[in-house]
Amino acid sequence: MGYRWVVLCIGALAQGTNAAVFLGLPAISPQLQQHFSLTLPQVGLLLGAVNLGTMIALVPWGVVADRRGERLVMTIGGLGAAGCLLSVALGNAWLAGLALLGAGLFGASVNAASGRAVMSWFSSGSRGLAMGVRQTATPLGAALTAAVLPGIAISAGVPTAFVVLAGVTAFVTLAVAVLVREPPGAVRASADHGLVLKDPKLLRLSLASGLLVVPQFTATALLVPLLHEHRGMSVTAAAAVFAVAQAIGGAGRLAVGVWSDRVRNRIGPLKIVSVLTAVGFVLVAVLDQAPLPLLIAILVPTSVLALCWNGLAVTEAGELAPDGRSATAIGMQNSANYLSAATTPFIASFVAVHVAWPAAMVLAAMAAVAARVLLQPWRSLRASSPQNSRSVS
């Protein structure tokens, strides 16, 4: 097995561990609400702090990764994130919010740097699959967290749940420090990242990605409260549905990555997924009061569609970048994602509580439609540049 697969596995493990924080924590929303004496919209703000911190730090971490390499960036970031997660266990809601902001600031290192590793080690013909593996770790990490963390939070308390998250993060960071390295001949950038950040196609892709995060995080933040508070399902059963949706979403990321490799196009599949996501959320809104089995039968595949597209956008962003600047481009694309991720839990929760649950679903559908409009027309970068033809075994 080529060493590139070792790097990919470690990068995916780091990505999944990071996802345990920014995607897995909504599974213990009821426990967070009770522990910190918060309303549901306030829990949305608390969870959004992670994504706000990530959004702020993505591009700076990307620039550093392009100049200094991904191992250094991921090691420093992982240790910082572990320290911040420990801090959550020590205080009140305000301290927890600041600590989660810090966890996002440090955790952002993983997103840009592990994406750079995939772009460096894999050629265009297999990059969709490789990025799909990396991105699959995100919902799988969230699914595992959703399956395990509520039990820990209920039996041992919310502080213990964050101690466990901190310990896992520190362990994975050690693996990164020991095993991740750059391929022979890897290009590092020295300056002039501004041209990457001003690329109009990258800006449009970033905006479309940010819009697609609205349905993604509507599903992530509201699935458990929708089934538990709105429809009366038990917390553990609702968390199990959440975990299933995240796990299938991970498989979907692999599937769409292979699909994009075969058609040699990332944006075509992304357009189709956008339309199907919008249709799914409209159906969830219409079936809001349908029998629970029917609602779940629509809600789960809709959540899967909302989860499966990220690898396509990340790969397209990396392939748009000049040699040695893929981490910066990926950081830019991800910044829009995390801006939406920081605001969507609060906005979606507010609309659900103060307007109507179906209204929150329709808002998610409208965002997916807007993303589809931004992606038309689009001509993807062909695999003709040195960046796209490079392969290391």
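Residues numbered from 1 in each chain as written. Predicted model: local features only at pLDDT ≥ 70, side-chain atom pairs only at ≥ 80, totals over all residues. Heavy atoms only, no water.

Located in the positive-phi region is Ser37, a residue other than glycine, with phi close to 55°. One can find Ser37 in the loop between helix H2 (29-36) and helix H3 (40-68). The exposure class of Ser37 is exposed, given its relative accessible area of 63%. With a phi angle near 50°, Arg264 is a residue other than glycine that sits in the positive phi range. Following the sequence through the fold, Arg264 ends up in the loop between helix H10 (235-263) and helix H11 (267-286). A relative accessible area of 44% places Arg264 in the partly exposed class. (Helix = DSSP H or I, 4+ residues; strand = E, 2+ residues; numbered from the N terminus. Buried < 20%, exposed > 50% of the residue type's maximum accessible area, 1.4 Å probe, protein only.)

Turning our eyes to something else, we now look at the packing of aromatic side chains. Under the counting rule described, the total for this entry stands at three aromatic pairs. Geometrically, the ring pair formed by Trp5 and Phe122 is edge-to-face, given 5.0 Å between the ring centres and 80° between the ring planes. Of this pair, Trp5 sits in helix H1 (residues 3-22) while Phe122 sits in the loop between helix H5 (93-121) and helix H6 (124-156), placing them 117 residues apart in sequence. When its relative accessible area of 26% is taken as the criterion, Trp5 is described as partly exposed. Pairing Phe346 with Phe350 gives two aromatic rings, centres 6.1 Å apart and planes at 35°, and the pair type is tilted. Placement of the pair is Phe346 and Phe350 together in helix H14 (residues 326-354), with a separation of four residues, close to one helical turn. Among the residues examined, Phe346 registers a relative accessible area of 28% and is labelled partly exposed. Its end group placed over the ring of Tyr3, Arg181 keeps NZ or CZ at 4.0 Å from the ring centre. (Phe/Tyr/Trp six-rings, centres within 6.5 Å; stacked < 30°, edge-to-face > 60°. Lys NZ or Arg CZ within 6 Å of the ring centre and 35° of its normal.)

Below, the discussion takes up the packing of helix H9 (residues 200-230) against helix H12 (residues 292-307). Taken N-terminus to C-terminus, the directions of H9 and H12 make an angle of 155°; their axes are 9 Å apart at the nearest point. In terms of orientation, H9 lies roughly antiparallel with respect to H12. As for the relative orientation of H9 and H12, their crossing is left-handed in sense. Contacts between H9 and H12 involve Pro215, Gln216, Ala219, Thr220, Leu223, Leu226 and Leu227 from the first element and Leu292, Leu295, Ile296, Leu299, Ser303, Ala306 and Leu307 from the second. (Axes fitted to C-alpha atoms, helices over the stretch in contact; angles between N-to-C directions. Parallel < 35°, antiparallel > 145°, perpendicular 65-115°, else oblique. Left-handed = near helix turned anticlockwise from the far one by under 90°. Contact = heavy atoms within 4.5 Å.)

Once that is clear, we can look at the confidence of the model for the chain. For the chain, per-residue confidence averages 86 on the pLDDT scale, and 93% of positions sit at 70 or higher. The least confident element of the chain is helix H16 (residues 386-389), whose mean pLDDT is 43; the most confident is helix H15 (residues 357-374), at 96. Counting contacts from residues 381-393, a segment whose pLDDT is below 50, to residues more than four positions away or on other chains yields 42 contacts. (pLDDT = per-residue confidence, 0-100.)

On to H6. With 33 residues, H6 extends 47 Å from end C-alpha to end C-alpha; this agrees with the ideal 48 Å at 1.5 Å per step. In H6, a bend of some 30° at Val148 exceeds every other bend along the element, and Pro150, a proline, comes one to four places later. One or two residues past the end of H6 sits Gly157, with phi positive at roughly 105°. (Expected span 1.5 Å × (residues − 1). Bend = angle between axes of the 7 residues up to and from the residue.)

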